[in-house]
Amino acid sequence: MDFVKSLMEPSYTWVWVDYRDNLDNCRDTIQKCLEERNCERLLEKVDEWYSDAEWEAVRDIVAKLKDECISSHDFGKEAVEQFFGEYEYEIREEIYSRNSSDILKELVKNTDDIPVRVEMLSDYDCINSNWLESQDGYRYEESYFGDMVDALNLNPARVKKTLKEKGYKTCGRFPDKKHRDGKEQVSYGQFYQELINSCCGANLLTYIGKVSLEELYDTGFSFKEVIIPKGNCCGLFSSMYGGGSLLEMELREDIRLRLEVKDYHGFRFRLDNERSTYECSIKRVYGVCDSFFGEKISLVAS
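None of the values given here were measured: they were computed from a predicted structure.

1. Concerning the packing of aromatic side chains
- Counted according to the given criterion, the structure contains 14 aromatic pairs.
- Taking 4.9 Å as the distance between ring centres and 40° as the angle between the ring planes, the aromatic pair formed by Tyr-138 and Phe-145 counts as tilted. Here Tyr-138 matches Phe-145 in class, with each residue buried.
- Ring pairs connect the aromatic residues Tyr-138, Tyr-140, Phe-145, Phe-174 and Phe-191, which therefore count as one cluster.
- Above the face of the Trp-55 ring, Arg-92 is positioned so that its terminal group lies 4.0 Å from the ring centre.

2. Notes on the sheet that holds strand β9 (residues 255–258)
- The strand order across the open sheet formed by three strands is β9-β5-β12, and the pairing between neighbours is antiparallel. The open sheet has two edge strands with one neighbour each: β9 and β12 (298–301). The sheet shows a mean angle of 25° between the axes of neighbouring strands, direction not considered.
- The pairing of strand β5 (residues 223–228) with β12 spans four bridges and is classified as antiparallel. Note on β12: the bridge partner recorded for Glu-225 is Val-300.

3. Describing the nonpolar core
- In this structure, Phe-145 and Met-148 are the most contacted members of the largest nonpolar core, which totals 77 residues.
- A total of nine residues in this core trace back to one element, the largest contributor, which is helix α3 (residues 40–71).
- Contact partners of Met-148, with chain neighbours within four places excluded, come to Met-120, Ile-127, Phe-191, Leu-195, Leu-205 and Leu-236.
- Counting residues in each nonpolar core, the second largest holds six residues, with Ile-208, Leu-247, Ile-282 and Phe-293 among its members.

So, how was this worked out
Residues numbered from 1 in each chain as written. Predicted model: local features only at pLDDT ≥ 70, side-chain atom pairs only at ≥ 80, totals over all residues. Heavy atoms only, no water. Phe/Tyr/Trp six-rings, centres within 6.5 Å; stacked < 30°, edge-to-face > 60°. Buried < 20%, exposed > 50% of the residue type's maximum accessible area, 1.4 Å probe, protein only. Lys NZ or Arg CZ within 6 Å of the ring centre and 35° of its normal. Pairing = 2+ DSSP bridges. Helix = DSSP H or I, 4+ residues; strand = E, 2+ residues; numbered from the N terminus. Axes fitted to C-alpha atoms, helices over the stretch in contact; angles between N-to-C directions. Core = buried A, V, L, I, M, F, W, Y, C linked by side-chain atoms within 4.5 Å. Contact = heavy atoms within 4.5 Å.

Structure follows, in structure tokens:
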């Protein structure tokens, strides 16, 4: 066995990944990796695609070792076949240990940045269309609308003033939180435009951006926070009904969001998968290209 090991190369590259091979069409699998906080699903996918090629590569290496034993070192063919048959598992294990191929990492590098959504969940479910919400008036207290105002760090009193000036009804208290003045994530004008252009029910406040699959992979698909860069946008979107607002509220500064949901309140991270059979995507509903999602989101590992 030591002699056979001495004939082996220090390392073997079993499979060469073509620069055109990638994981662009594996968004469902990537989403499962995010939910399970590991890359096992992608490893299974790679094994499904490349296991035959790897098996062929190992078989070729074994065949070359046999040939070298017979032709260069005068071992009899029958004795070589008997030895390799008896110690097949050990020989293959040694070859596997010298594998320098990292197929998954190469595929990850070749994959385009992925459009993503960061959605705000609330104890008050969601916000409906402007038409429905405005029938009885916008309410700040005990409402998704109020949670959205707080998430965007808007002053409720100034929100009420904007709505009143445009002829919309409000109800209940809208406290004057002056400490928020000048620290708002978005402008009041753009916030108003998102509200009046909201066209369907079950909307969530949604931040948009792109993420590098390589960065997801490097974090082990496990991270607690994201940083959405200044200049990216947010708005209202319903992945249930396939509608929303303009998605054009531009962030005035980098926004750090903790991905934690307690009692159905917090933020969740979703890939915007246009091929999903379970939910609507922004790309599919709005007919936009990846550049619509703005710059890359940074991940803060757990």
